[in-house]
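# Structural overview for review
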Amino acid sequence: MALGKYSRVDGKKSPSSYCSTVTLVVFVALCLVGVWMMTSSSVIPVQNVDISSQNSKNEVKEQVSESNESNPSSENNESIPKQFEDNPGDLPEDATKGDSNEKAQEENSTSQNSNTPENTSDNAAERNQEENPENKPKSEDASKTEIENGEEKTEDGDSKMVDRDSEAGETRTDSINNSGSEPNTEIDKKFDSDETEKKSEENTGIKKDGDEVDGQIEVDGEAKDLVPNEVFPSGAKSELLNETTTQNGAWSSQAVESKNEKEAQKSSEPNQEAVYNWKLCNVTAGPDYIPCLDNLQAIRNLRTTKHYEHRERHCPEEPPTCLVPLPEGYQRPIEWPTSREKIWYHNVPHTKLAQVKGHQNWVKVSGDYLTFPGGGTQFKHGALHYIDVIQQSVPDIAWGKRSRVVLDVGCGVASFGGYLFDRNVLTMSLAPKDEHEAQVQFALERGIPAISAVMGTKRLLFPGRVFDVVHCARCRVPWHIEGGKLLLELNRVLRPGGFFIWSATPVYQTGAEDAGIWQAMKELTKSMCWNVVKITKDKVNKVGIAIYQKPTSNECYEKRSQHEPPLCQESDDPNAAWNVPLQACMHRVPVDASERGSQWPEQWSARLEKPPYWLLSSQVGVYGKAAPEDFSSDYEHWNRVVTKSYLTEMEINWSKVRNVMDMNSIYGGFAAALKKLNVWVMNVVPVDSPDTLPIIYERGLFGIYHDWCNLMAVVAEADRILRPEGRLIVRDKVETINELESLLKSMHWEIPFKYSKDNEGLLCAQKTLWRPTEVETIAYAIG
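Note that the structure is predicted; figures quoted are calculated from it, not measured.

## A short note on the state of the cysteines
- Within the structure shown, the criterion is met by 5 disulfides.
- Between the sulfur atoms of cysteine 529 and its disulfide partner cysteine 556 the distance amounts to 2.2 Å. Looking down the S-S bond of the cysteine 529 and cysteine 556 bridge, the torsion is -85°, so its handedness is left-handed. Pair noted here: cysteine 529 is in the loop between helix H19 (512-527) and strand S16 (531-538) and cysteine 556 is in helix H20 (residues 555-559), with a separation of 27 residues, a long-range link.

This is the structure:
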């Protein structure tokens, strides 16, 4: 006689059998209650489920195993879990099923459990788990399996502002004005139409067959579920796959279990804010403080400043975590393009440059404004006229078509680059932070791309052979000294066939000093095999312009009678730029048809969309596909994301956005997707990430290398470089997003948008005018 069945003798139950039956029923009931408690635990938001620490008991495993045995096709039919997706995903086929099967299952469930009515809801939940294994949330193991077999095989690194981008398992790092997600609108409609069932499911913890798991969206501090939460035990699939190992004694250690539990508790309490004590940076530079350029202690310890070592980067060992003060009287910046002509004085309250260069039409003080009436020393009567003179002198320059990416060395207030926007040209303007105060700060406030840097002892932070044109207008750089080391650095970053435009007094003035420099430059450029294309004079601005072109072959190099400057060693990598000393040598011109630099890129804007000719199918891209396919997939992905999320879901008025930074740009897909907006994007490639910066330049975009530090220091840095009312958009693991939210709230930032799905999160935050009152003195930054 099977246990648990009633034994009847003359219509009565056997006392011993009855006792056994009661015992068994109680045991089964307790098991079911345990199962119910385990399953109901997954009703919490899915991003807070600690997948790695959940283990079901043997009874549950046996039940799930029996279910799979009775329905062998269920596991095979299970849809592959997707990572965090930005666009509305396609609903699974089960999501369109009617209610007839569900009702039949419910009736069958009721009849089978009539003897134990108190366990009806528990058994229904249990059957729902067994019959619908495809409805469980993505486990960590399943996610890794998808990455390894699909798009990517890299693992997460250190804690950074990093996010997972789920276009077929892609991984991205995004940040300032750089990342987005769109709620699943199709599921929302279905969810709203089934309000009654939703309430019932929330009360019972039962999820309707076929519903797809989504996350939560938080708007103005209120969390809202997009769809009913998942109740199937997380990690069940991995438990089934690992059942033999667990039976052999592969027990988790207490240390691991405790650590996982603490992390789970922390992630399940996103509103529990940590206490952060922010202080105001007390530094000599005040609001203009740049940690790596204002390390006065390191500068004082320099043995020499002959090569402008004091203007180079000297980053502190420990990045500061204090907040930089705002300029007194700071106002919302004037919008582009008006900002190109004038900015608020109080936002960049410096007058020294106006006093020194006012007669040269650099910058002038006019009431509450700083104005930029001309174009600089070399084009007092307008930069556009000067730009057109260059085009007329050398039509092959073809602004905005052949020539798209320009480096302007010694840019001053960057008027040259500011007006090249009118010719569809993107300019990286470069100037040191020197006695003329914040030249670059003027440029950025005007809405013009610029960086603080100097040509000293180290290579510029750009790959080799990426700029179409390099320009220098009266930049006073001693190109001719020390074997032409500085001009050879321009040769490294200039694309073969690219132009060097030199507009300086030695070109058109005849004084003894200028004449000597001109003669030295003639000899140097000839030995470098640069061809003098044109020497012309701008009669309106009354300046001379010399235009050179870099060779496209090595023929001239090999024919030189004197091998000075020498060719670099074959082992010398022209793309290596991070803290690499300058060398007085030239790299060979690439001639192999498949090598970058052997051909000129597509004209703008075709080069933005097409994979570069040197990306080969034999190469593996960042996301695991063949490189050209990887590139195209990334471009299509970001076009969709920007269109469907960034421009509509982020509550950002893009007409007021001018300067954007992508903190981990990969292929530059985000910047490319913003091509129709009146913005420019500084693409950053972290030095510990795949070196994709050459691809970004090949597309007609620009960027720089950088090394982001720990999370708290990065948050302080983001606060430093971001304008008040500016936005920070971050995607990362939920734990990091929760920690970041606490950090930003402690700085009184607003959080208008927060979204999570599985273990991925998205956060959009807005900086405010708040500054702490307590002060922290940075000793190495005090003069």
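## Regarding the side chain of asparagine 575
- With respect to the helices and strands, the residue asparagine 575 is situated in the loop between H20 and helix H21 (606-609).
- There is a polar contact of 3.2 Å between the side chain of asparagine 575 and the backbone nitrogen of glycine 464.
- The residues contacting asparagine 575, other than those within four sequence positions of it, are Pro463, Gly464, Arg596, Asp691 and Tyr705.

## Considering the packing of aromatic side chains
- If you walk through the whole model with that rule in mind, you get 21 aromatic pairs.
- Between the aromatic rings of tryptophan 336 and phenylalanine 421, the centroid separation amounts to 5.7 Å while the plane-to-plane angle is 70°, which identifies the pairing as edge-to-face. Of this pair, tryptophan 336 sits in the loop between helix H12 (296-300) and strand S8 (342-344) while phenylalanine 421 sits in the loop between helix H15 (415-420) and strand S12 (426-431), placing them 85 residues apart in sequence.
- Put simply, the rings of Phe379, Tyr386, Trp399 and Phe416 pair up and form one aromatic cluster.
- Seen from the ring of phenylalanine 421, arginine 658 lies directly overhead, with NZ or CZ sitting 4.5 Å from the centre.

## Some remarks on the packing of helix H25 (residues 711-721) against helix H26 (residues 734-746)
- Packing of H25 against H26 brings their axes to within 11 Å, and their N-to-C directions diverge by 50°. In this view, H25 runs oblique relative to H26, as classed from their interaxial angle. Crossing hand, H25 versus H26: right-handed. Across from Leu711, Met712 and Val715 in H25, the residues of H26 making contact are Thr736, Glu739, Leu740, Leu743 and Leu744.
- In the contact of H25 with H26, the residues fall into 6 nonpolar, 1 polar and 1 charged.

## So, the pattern of salt bridges
- This structure, assessed with the given rule, holds 21 salt bridges.
- Residue aspartate 572 pairs with arginine 459 through a salt bridge whose shortest N-O separation is 2.9 Å. Here aspartate 572, found in the loop between H20 and H21, pairs with arginine 459, found in the loop between strand S13 (450-452) and strand S14 (467-473); they are 113 residues apart in sequence, far enough to count as distant. Arginine 459 carries the same exposure label as aspartate 572, and that label is buried.
- One salt bridge in this structure joins glutamate 570 and arginine 588, with 3.5 Å as the shortest N-O distance. Here glutamate 570, found in the loop between H20 and H21, pairs with arginine 588, found in the loop between H20 and H21; they are 18 residues apart in sequence, far enough to count as distant.
- For arginine 588, a relative accessible area of 37% corresponds to the partly exposed category.

## As for the environment of alanine 414
- Mapped onto the fold, alanine 414 is located in the loop between strand S11 (405-409) and H15.
- Separated by 15 residues in sequence, alanine 414 and serine 429 place their C-alpha atoms 6.1 Å apart.
- If we skip the residues at most four places from it in the chain, alanine 414 touches Ser429, Ala443, Arg446 and Ile448.

## Quick word on the pairing of S16
- As judged from the 7 bridges shared by S16 and strand S17 (residues 543-549), these two strands associate in the antiparallel manner. Counted as the bridge partner of threonine 536 is isoleucine 545 from S17.
- The hairpin turn running from S16 into S17, its antiparallel successor, is 4 residues long, and lysine 542 in that turn takes a positive phi close to 60°.

## A short note on H19
- Its 16 residues place the ends of H19 23 Å apart at the C-alpha level, agreeing with the 22 Å of an ideal helix rising 1.5 Å per residue.
- Elements in contact with the buried residues of H19: helix H17 (485-493), strand S15 (494-503), helix H18 (505-508), S16 and S17.
- One or two residues past the end of H19 sits cysteine 529, with phi positive at roughly 65°.

Cut-offs and rules
Residues numbered from 1 in each chain as written. Predicted model: local features only at pLDDT ≥ 70, side-chain atom pairs only at ≥ 80, totals over all residues. Heavy atoms only, no water. Disulfide = S-S within 2.5 Å. Helix = DSSP H or I, 4+ residues; strand = E, 2+ residues; numbered from the N terminus. Polar contact = N/O pair within 3.5 Å; in protein donor to acceptor, adjacent residues only side chain to side chain. Contact = heavy atoms within 4.5 Å. Phe/Tyr/Trp six-rings, centres within 6.5 Å; stacked < 30°, edge-to-face > 60°. Lys NZ or Arg CZ within 6 Å of the ring centre and 35° of its normal. Axes fitted to C-alpha atoms, helices over the stretch in contact; angles between N-to-C directions. Parallel < 35°, antiparallel > 145°, perpendicular 65-115°, else oblique. Left-handed = near helix turned anticlockwise from the far one by under 90°. Nonpolar A, V, L, I, M, F, W, Y, C, P; charged D, E, K, R; others polar. Salt bridge = Lys/Arg side-chain N within 4 Å of Asp/Glu carboxyl O. Buried < 20%, exposed > 50% of the residue type's maximum accessible area, 1.4 Å probe, protein only. Pairing = 2+ DSSP bridges. Expected span 1.5 Å × (residues − 1).

Bear in mind that shape data such as this cannot, by itself, settle questions of function.
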